[in-house]
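If you want the building blocks of each chain, they are given just below.
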Amino acid sequence: MISRRNLLSGMSIGSLATLASAVAPRAFAQPEGHDMSGMQMPGKMEKAKAPESPAPAVPRGGAYTPVRTLNGWTLPYKMNNGVKEFHLVAEEVEHEFAPGSVAKCWGYNGSTPGPTIEAVEGDRVRIFVTNRLKEPTTVHWHGLYLPSGMDGVGGLNQPHIQPDETFVYEFPLKQHGTHMYHPHADEMVQMAVGMMGLFIIHPKGGEPRKIDRDYCMLLHNWALHPGTYRPDPSIMTDFDLWTLNSKIFPATEPMVARTGERVRIRIGNLSMHEHPMHLHGVQFWVTGGDGGRLPENLWRTEVTEIVGVGQMRDLEFIGIPGDWAFHCHKSHHTMNAMGHGLPNNIGVDQSGVEKKIRAMLPGYMAMGKDGMTEHGEHVAMGLPGPENTLPMMMGKGPFGDLEMGGMFTVLKVRDNLAPGDYRDPGWYANPKGTVAKRVSQSPDFGNPIRRKPKNA
Ligand SMILES: [Cu+2]
């Protein structure tokens, strides 16, 4: 006898995650200013869309290429007697991971991650920090050379910044590289709910090899349990959402480049897990990170680079035309609203059971017998699920479902982009004869060698 209670508590049949992720299709309306390139509705015409990130606060054409914070923005500054003045505001923000999944998070200046601070080696920076949270905070400038009293560990380097107070940090930038900022006060909570940002310092005198497109992102994880609106800071390993700059695919912006351009992807990790970040289409060079850009004889080629917690890695490559996936290679990290420790239903005939459960949970469908792809299909069919919860796998491409979520985006390299044009060029037009295609629909096709064929 199956009761609703022991079904939900024991998860002996089906799985809660299965239910959790089988949500109704959302009205994927394109919110203003968001590039929802992966989310086209059927029949909607594809066109170049304005990117979400506003124009960088620093002028183009200078000694460096301004970074582009994927789905994010760069904090404007004011010059005051030769000092670059920035102002961060720690506060609660309404954040959208993707249409259909919103939460009350904490961040800076209205966003998570907070805006990117961008400056040049040799600059003197003055950073005001106003605390609009209801608990004390501080800001730690991760990886920077600075006076000990500016390092931002509450209680160790400075008194805490109490609610409504503003503190000022001031120091010269003695290095270049990819860095971060984050609280060092009630860290477990404040970071878990989104407080973090990038701090990019360009080398004085420019780069020996010019960078044409300079992307940056922070990796994070969130315990936004199905049906809830506040990330749970008590979780240590089993997270629901895996994000690039607090966005999940397909709400992540694509990275765009022109064929032959030198592209850098700067990645920082303030999550609880290591992330092997993998780029399709090219071997990239690992050219640096916190320590700035390394001498070229220390560069190494990889296709996957692990970015450890608290680490920064810079990847560089020359763009080759196509649509190339960029993602964490832990397969659970390219999914959303995951359950863990589920019963393994692959190969299990659940017919009969489904009907019984449906009497108690309308709309229930037994899933997972032949894998999880059918999940996405059921979602498309409109099964109801918990509110504020996205399907485990989503995203549409030119050839169908991408079955991705979480830490995934697409690098789009095209021959004819203007320099500095970051608009989504749409899907790649593959040259004739260069797409994998079907040659048979029979499993008996050909005569391949197999060990112990089942029907021999
Ligand atoms: Cu990962």
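Residues numbered from 1 in each chain as written. Predicted model: local features only at pLDDT ≥ 70, side-chain atom pairs only at ≥ 80, totals over all residues. Heavy atoms only, no water.

1. A look at the coordination of the copper ion
Moving on, step 1. Donor atoms from the polypeptide that coordinate the copper ion comprise H275 (ND1), C328 (SG) and H333 (ND1), at 2.0 Å from the metal.
Moving on, step 2. Overall, H275 belongs to the buried group, its relative accessible area being 0%. (Donors = N, O, S within 2.8 Å, 3.2 Å for Na, K, Ca; no water. Buried < 20%, exposed > 50% of the residue type's maximum accessible area, 1.4 Å probe, protein only.)

2. Digging into the confidence of the model for the protein chain
Moving on, step 1. Chain-level pLDDT for the protein chain is 84 on average; 79% of the residues reach the 70-or-more range.
Moving on, step 2. Ignoring residues within four places in sequence, the model shows residues 1-51, a span with pLDDT below 50, making 122 contacts including any to other chains.
Moving on, step 3. Low pLDDT (under 50) marks residues 54-61, which in the prediction has 13 contacts with non-local residues, meaning those over four places away or in another chain. (pLDDT = per-residue confidence, 0-100. Contact = heavy atoms within 4.5 Å.)

3. Section: the packing of aromatic side chains
Moving on, step 1. In this structure the tally under the stated criterion is 11 aromatic pairs.
Moving on, step 2. Judged by centre distance (4.8 Å) and plane angle (75 degrees), the rings of F97 and W222 are edge-to-face. Remark: W222 occurs in strand β11 (residues 213-222) and F97 occurs in strand β3 (residues 83-98); sequence separation between them is 125 residues. Neither F97 nor W222 differs from the other in exposure class; each is buried.
Moving on, step 3. For the ring pair F249 and F408, a centre distance of 4.6 Å and an interplane angle of 65 degrees mean the geometry is edge-to-face. (Phe/Tyr/Trp six-rings, centres within 6.5 Å; stacked < 30°, edge-to-face > 60°. Helix = DSSP H or I, 4+ residues; strand = E, 2+ residues; numbered from the N terminus.)

4. Remarks on the sheet that holds strand β10 (residues 197-202)
Within a sheet, each strand pairs with its neighbour through backbone hydrogen bonds, oriented either parallel or antiparallel.
Moving on, step 1. Spatial ordering of the open sheet is given by β5-β10-β9-β7, a layout of four strands whose pairing is mixed. Strands at the two margins of the open sheet, each flanked by one partner only, are β5 (117-120) and β7 (140-142). Each strand axis lies, on average, 25 degrees off the axis of its neighbour in the sheet, ignoring direction.
Moving on, step 2. When strand β9 (residues 177-182) meets β10, the two strands line up antiparallel, connected through five bridges. Each residue of the ladder has a partner; that of H179, found in β10, is F199. (Pairing = 2+ DSSP bridges. Axes fitted to C-alpha atoms, helices over the stretch in contact; angles between N-to-C directions.)

5. Digging into the pattern of salt bridges
Pairing between side chains of opposite charge can happen when their charged atoms approach one another.
Moving on, step 1. Scanning the model with the defined rule gives 23 salt bridges in all.
Moving on, step 2. Here E85 and R126 are joined by a salt bridge, their closest N and O atoms 2.5 Å apart. Of this pair, E85 sits in strand β3 while R126 sits in strand β6 (residues 124-131), and the two are 41 residues apart along the sequence.
Moving on, step 3. One salt bridge connects E207 with R264, and the closest N-O pair in it is separated by 2.8 Å. With E207 in the loop between β10 and β11 and R264 in strand β14 (residues 262-269), this residue pair connects regions lying 57 residues apart in the sequence. (Salt bridge = Lys/Arg side-chain N within 4 Å of Asp/Glu carboxyl O.)

6. Considering the pairing of β6
Moving on, step 1. In terms of burial, β6 is largely enclosed, as six of its eight residues are buried.
Moving on, step 2. Pairing analysis gives seven bridges linking β6 to strand β8 (residues 166-172), with the strands arranged antiparallel. Across the sheet, T130 pairs through a bridge with T166, a residue of β8.

7. Thoughts on the environment of V129
Moving on, step 1. Looking at the secondary structure, you find V129 in strand β6.
Moving on, step 2. Overall, V129 belongs to the buried group, its relative accessible area being 0%.
Moving on, step 3. Put simply, V129 and I161 are 32 residues apart on the chain and 8.4 Å apart in space, counted from C-alpha to C-alpha.
Moving on, step 4. Those residues in contact with V129, other than ones at most four positions away along the chain, are L88, V139, W141, I161, E165, T166, F167 and Y169.

8. Quick look at the nonpolar core
Moving on, step 1. Core analysis: the largest hydrophobic core is formed by 29 residues, its most contacted members being M217, L219, M255, I267, M277, F317 and F326.
Moving on, step 2. Counting residues in hydrophobic clusters, the runner-up holds 25 residues, among them L75, F86, A90 and Y169. (Core = buried A, V, L, I, M, F, W, Y, C linked by side-chain atoms within 4.5 Å.)

9. Topic: unusual backbone geometry
Moving on, step 1. Residue P113 is reached from T112 by a cis peptide bond, and omega for that bond is -10 degrees.
Moving on, step 2. You can see P113 is positioned in the loop between β4 (101-108) and β5.
Moving on, step 3. The backbone of D164 sits at a positive phi, close to 75 degrees, despite the residue not being glycine.
Moving on, step 4. In this model, D186 sits at a positive phi of 40 degrees, which is unusual for a non-glycine residue.
Moving on, step 5. By secondary structure assignment, the location of D186 is in the loop between β9 and α3 (187-192).

10. Description of the sheet that holds strand β24 (residues 408-414)
Moving on, step 1. Strands sit in the order β13-β24-β21-β15-β19 across an open sheet of five strands; the sheet is mixed. The sheet terminates laterally at β13 (255-258) and β19 (304-307), the two strands that pair on one side only. Adjacent strand axes in the sheet meet at a mean angle of 20 degrees, parallel and antiparallel pairs treated alike.

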